[in-house]
Amino acid sequence: MNTQVCDIVIQGGGPVGLACAAWVLQKLPEAKLTLVDRNPSNDADLKAGDNRGIALSHGSKLLLDTINAWPKDYAEIHRVHVSQAGRFGRALMTREELNQNALGHIVRYHDIHLALRHALRVIQQKSPHFQWLHVNDDAFNLVQAKCIVHAEGGLFKKQDWVESGRDYGQSALVGLVEVENAAPHQAWERFTAEGPLAILPSHYGLNILNLVWCGSPESSQLRLQLSDADFLASLQNEFGSRIGKFLKVQDRRLYELGLNYRKEIIKDTEVWIGNAAQTLHPVAGQGLNLGLRDAFLLAEKLSRIFAGSIDEQTPTQIHQALEEYAQSRKADRTATIGLTDFMARIFTSNLVPIVFARGLALSALQWLPPVKTALARQMMFGRR
């Protein structure tokens, strides 16, 4: 294979890498950009691939709408009910409180992946210097570029880098459940003795919901192996009867959970975004949302520097631009990583003082609207 020469190379054809490429080319169609994508050019494998429900904030939808990359199949969240199993303390967040159309959305992973692929193909038609390489990782070494964007992502414990973070000693069991009496657009976050249990809307219908059940690896593995009837009985016991009886379950899978993040997201003329920069616990549903904000703001910075004269594209100028990008992302990264890590740890402790404090915190959240609004806006739009 011949060496590819360009201004910008993005390594990784997942949602964050695709979004970054699309935003750069939307802002600068003449950009000499190469995307190295390990996925095949044909969409067939992706259509049959990862169909877990992913939480996307309203802020992420607004960003993706700018490149016409919003999937047609999704479910809106209008209300979120937060509580702890067997303990006092509850909070309810609604879209009306924030004057928004929705608090968030649930989208299948492969739908957001495919929507971004389609959006990039449309933008590609007006981008004469864009190259989309569907190749393995070895081909990355055959690309020469002034700026390298690492967006290869990956799941916790399946990444080729470990810098800072923690292993929560948890796994997430995900799947779909059918229930007896769900409320439209309602999401439930229930904190159990082992970790968060989330029941989320889906586009399949009112009573078919996404399940995310976090617990110890041992407990999660046992739940995975239970018969459907025994699993549903265990879930009913843990969640309660707020949405009636759990009737069916399908497509149960496990994912290991942990925090992995880079202290420095730039080095010389290289930059890391999305899961290549930080991998988060799903407790607050913030991982992909933070990655999309990374991609959008980096694209703004790159399109400006490479729209300039040749003197502005020296390694020193590019490094300076990336330094500015890293500084602009510091507050949002710190707040989102800190909030997610805090929630993942504090809501799995069974120490009596912490359990009591959790109840007080949830109660205070319900009765202090400014605090609740600030928390909800952080989850929807990030720190600005």
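Our subject is the structure listed above.
We now turn to the structure provided with this report. (Residues numbered from 1 in each chain as written. Predicted model: local features only at pLDDT ≥ 70, side-chain atom pairs only at ≥ 80, totals over all residues. Heavy atoms only, no water.)

Below, the discussion takes up helix 7 (residues 228-239). Its 12 residues place the ends of helix 7 16 Å apart at the C-alpha level, agreeing with the 16 Å of an ideal helix rising 1.5 Å per residue. Every buried residue belonging to helix 7 is among Phe231, Leu232, Leu235 and Phe239, and all of these are buried. The buried residues of helix 7 occupy an angular sector of 95° when the element is viewed end-on, so they sit on one face. For helix 7, exposure combined with an orientation more than 90 degrees from the buried face picks out Ala229 and Asn237. Close packing links the buried residues of helix 7 with strand 10 (164-179), strand 11 (186-191), strand 12 (196-200), strand 13 (208-215), helix 6 (217-225) and strand 14 (246-261). Positive backbone phi, at 100°, marks Gly240, one or two positions downstream of helix 7. (Helix = DSSP H or I, 4+ residues; strand = E, 2+ residues; numbered from the N terminus. Expected span 1.5 Å × (residues − 1). Buried < 20%, exposed > 50% of the residue type's maximum accessible area, 1.4 Å probe, protein only. Arc of directions from axis to C-beta. Contact = heavy atoms within 4.5 Å.)

Of all five residues in strand 7 (residues 104-108), five are buried, a share of seventy percent or more. Judged by which residues are buried, strand 7 turns out to be covered on both faces: Gly104, Ile106 and Arg108 on one side and His105 and Val107 on the other are all buried. Note that strand 3 (residues 53-57) and strand 7 share five bridges and pair antiparallel. What sits directly across from Leu56, in strand 7, is His105. Looking at chain direction, strand 4 (residues 75-77) and strand 7 are connected through three bridges and run antiparallel. Note that in strand 7 the partner of Glu76 across the bridge is His105. (Pairing = 2+ DSSP bridges.)

It is worth spelling out the packing of aromatic side chains at this point. Aromatic ring pairs: the centre-centre distance and the angle between the two ring planes describe each pair. For the coordinates displayed, the defined rule picks out six aromatic pairs. Taken together, a centroid distance of 5.4 Å and an interplanar angle of 65° make the contact between Trp70 and Tyr74 edge-to-face. The class of Trp70 is buried, set by a relative accessible area of 14%. For Tyr74, a relative accessible area of 28% corresponds to the partly exposed category. Judged by centre distance (6.2 Å) and plane angle (45°), the rings of Phe130 and Trp132 are tilted. Trp132 shares its class with Phe130; the two are buried. What links up through ring pairs into an aromatic cluster is the set Trp188, Phe239 and Phe246. Over the ring of Tyr109 we find Arg52, and its NZ or CZ is 5.0 Å from the ring centre. For Arg252, the ring lying beneath its charged end belongs to Phe231, and the centroid distance is 4.6 Å. (Phe/Tyr/Trp six-rings, centres within 6.5 Å; stacked < 30°, edge-to-face > 60°. Lys NZ or Arg CZ within 6 Å of the ring centre and 35° of its normal.)

Moving on: the nonpolar core. In terms of nonpolar packing, the biggest core is built from 54 residues, with Trp23 and Ile273 touching the most fellow members. By residue number, the principal contributor to this core is helix 1 (residues 15-27), which donates nine residues. Look past the residues within four positions of Trp23 in its chain and what remains in contact with it is Leu63, Leu64, Thr66, Ile67, Leu292, Ala295, Phe296 and Ala299. One finds Val174, Ala187, Leu290 and Ile337 within the second-largest nonpolar core, a separate group that totals 26 residues. (Core = buried A, V, L, I, M, F, W, Y, C linked by side-chain atoms within 4.5 Å.)

The N-to-C vectors of helix 1 and helix 5 (residues 109-124) enclose an angle of 25°; their axes lie 9 Å apart at closest approach. Taken together, the axis directions place helix 1 and helix 5 in an arrangement best described as roughly parallel. In this structure, helix 1 meets helix 5 at a crossing whose hand is left-handed. Where helix 1 abuts helix 5, its residues Pro15, Leu18, Ala19, Ala21, Ala22, Leu25 and Gln26 lie against Tyr109, Ile112, His113, Leu116, Arg117, Leu120 and Ile123. Across the contact of helix 1 with helix 5, the residue classes tally to 11 nonpolar, two polar and one charged. (Axes fitted to C-alpha atoms, helices over the stretch in contact; angles between N-to-C directions. Parallel < 35°, antiparallel > 145°, perpendicular 65-115°, else oblique. Left-handed = near helix turned anticlockwise from the far one by under 90°. Nonpolar A, V, L, I, M, F, W, Y, C, P; charged D, E, K, R; others polar.)

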